[in-house]
Amino acid sequence: MRQYDASILEFVDTYEAYSNSIFIGQNHVAIPYINIGLMSNNPINNQQSVVDYSYYVFKEVVSMHLNTRNGTLSFDFNNNTQEDYITEHIIFGGYQNDNGAEAIVKCEALIFFIPLTAKVESPRHPFVPMNTPNFKQNISTESADAFFRIDQLPLEVRSFLGACVHTLNLK
Amino acid sequence: MGGAESKMGKGWINYDLKAPKGIKDDIANFSKHFGAASVSEMVVNNPRASFLAHITEALKKDGTVTIRGQIANRYFKEIWNGTAKGMENFEVVPGSKKTGLSIEGHTNSNGTQLRGDANSLNEIILKKKT
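Residues numbered from 1 in each chain as written. Chains lettered and ligands numbered in written order. Predicted model: local features only at pLDDT ≥ 70, side-chain atom pairs only at ≥ 80, totals over all residues. Heavy atoms only, no water.

### Examining the confidence of the model for chain B
Close reading of the predicted structure is inappropriate where its pLDDT is low.
So, step 1. Mean pLDDT for chain B: 90, with 92% of residues reaching 70 or above.
So, step 2. Here the complex is predicted with pTM 0.92, and the ipTM for its interfaces comes to 0.91. (pLDDT = per-residue confidence, 0-100.)

### Side note on the confidence of the model for chain A
So, step 1. Across chain A, the average pLDDT comes to 93, with 98% of residues at 70 or higher.
So, step 2. The least confident element of chain A, judged by mean pLDDT, is strand β7 (residues 71-76) of chain A at 90; the most confident is strand β11 (residues 120-121) of chain A at 98. (Helix = DSSP H or I, 4+ residues; strand = E, 2+ residues; numbered from the N terminus.)

### Here we look at empty space enclosed by the protein
Empty pockets left among the atoms are what a rolling probe the size of a water molecule brings to light.
All names here are of chain B.
So, step 1. A full pass over the atoms with the stated rule returns 1 cavity of 30 Å³ or more.
So, step 2. The space that makes up the largest cavity amounts to roughly 30 Å³.
So, step 3. As for the largest cavity, its lining consists of Ala49, Ser50, Phe51, Leu52, Tyr75, Ile79, Ala84 and Lys85.
So, step 4. Considering only residue class, the lining of the largest cavity consists of 6 nonpolar, 1 polar and 1 charged. (1 Å grid on protein atoms, 1.4 Å probe; cavity = no way out; pocket = protein on both sides within 12 Å on 5 of 7 lines; lining within 4 Å. Points joined across faces, edges and corners; volume = space filled by probe spheres on them. Nonpolar A, V, L, I, M, F, W, Y, C, P; charged D, E, K, R; others polar.)

### Quick word on the side chain of A:Asn67
Residue and element names in this part refer to chain A.
So, step 1. With respect to the helices and strands, the residue Asn67 is situated in strand β6 (residues 63-68).
So, step 2. Residue class for Asn67 comes out buried when judged on its relative accessible area of 16%.
So, step 3. A polar atom in the side chain of Asn67 sits 3.2 Å from the side chain of Thr72. (Buried < 20%, exposed > 50% of the residue type's maximum accessible area, 1.4 Å probe, protein only. Polar contact = N/O pair within 3.5 Å; in protein donor to acceptor, adjacent residues only side chain to side chain.)

### Structural notes on the sheet that holds strand β9 (residues 101-107) of chain A
All names here are of chain A.
So, step 1. In space, the 4 strands of this open sheet follow the order β7-β6-β9-β8, with antiparallel pairing throughout. Looking along the sheet, the strands with just one partner apiece sit at the ends: β7 and β8 (86-92). Strand-to-strand twist in this sheet, taken as the mean axis angle between neighbours without regard to direction, amounts to 15°.
So, step 2. Across 7 bridges, β8 lies against β9 in antiparallel orientation. (Pairing = 2+ DSSP bridges. Axes fitted to C-alpha atoms, helices over the stretch in contact; angles between N-to-C directions.)

### Topic: the interface of chain A and chain B
So, step 1. Residue-level contacts link 30 residues of chain A with 26 residues of chain B.
So, step 2. Its largest share of buried area at the contact with chain B, chain A owes to A:Tyr15, A:Glu16 and A:Arg69, together 28% of the area lost on that side.
So, step 3. Between the two partners, chain A and chain B, sit 6 salt bridges.
So, step 4. A:Glu88 is the partner of B:Arg74 in a salt bridge, and the nearest nitrogen-oxygen pair spans 2.6 Å.
So, step 5. Viewed at the interface, chain B and chain A are joined by 22 residue pairs in polar contact (both at pLDDT 80 or more).
So, step 6. Elements represented by at least two residues in the side of chain A that touches chain B include exactly β2 (12-13), β6, β8 and β9 of chain A.
So, step 7. Class assignment of the residues belonging to the side of chain A that touches chain B gives a composition of 13 nonpolar, 10 polar and 7 charged. (Contact = heavy atoms within 4.5 Å. Buried area = accessible area lost by both parts, 1.4 Å probe. Salt bridge = Lys/Arg side-chain N within 4 Å of Asp/Glu carboxyl O.)

Dropping the structure here:
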């Protein structure tokens, strides 16, 4: 597993990625993503790309607001130790349901995890875990379902969350 | 740059990687299709690449670009925040920044509706510097 600090470069683009669950533990948040985007300033290959499987981790979260078509869901992490924090806008959801959210997360740092076996492609060849109006599915439902399960989180990501992990799904 | 199906109607040319009608090409090749100072107005919905540097030459003096998107879209955010590559050739039209516009009818590259608050679309108009 390779790990990159995404706090300053802002090279991670969740906009057209697919996710299913948010995992919360010890004031940290981890989201597994399929087809996450990398901006051209990324340290992995320095070109605009998409990744099949990866994880975006938010360290020492202060607050998280999920804005959906049906309303807003807000979390105050009561983590007042942070005086200086990052504000990150992400997209969440999109896998097997259309109730995704635009989320605003305030946190100390952003960490991007990419497995050593991950595939990195041009955005012209996206990774698609379900059939969509414009793209055919090219990642099996079994593989996607397994990837999004909590017991499939790699140790490097799981270690951030601790023993007591809360799971959030939008249905 | 209106996706597979542009909603702009007559008098507009859709330029998109997925355009069945119009020009189907990469934004990096924009100047191959449009000569210098030949375009007076552009509308870009939900950009999914850095594009300002590729269109500057083709825009007429005082030509405008209307860009719409959500802040979670990094390519839109860079323009909204004034940090996009090529931004130095444009100025923001005063009073043009709008927030709270409807996402209805706007789609992702995969054809599904944009995610998030129903009124989370933003708009900004840039004018080419003279």
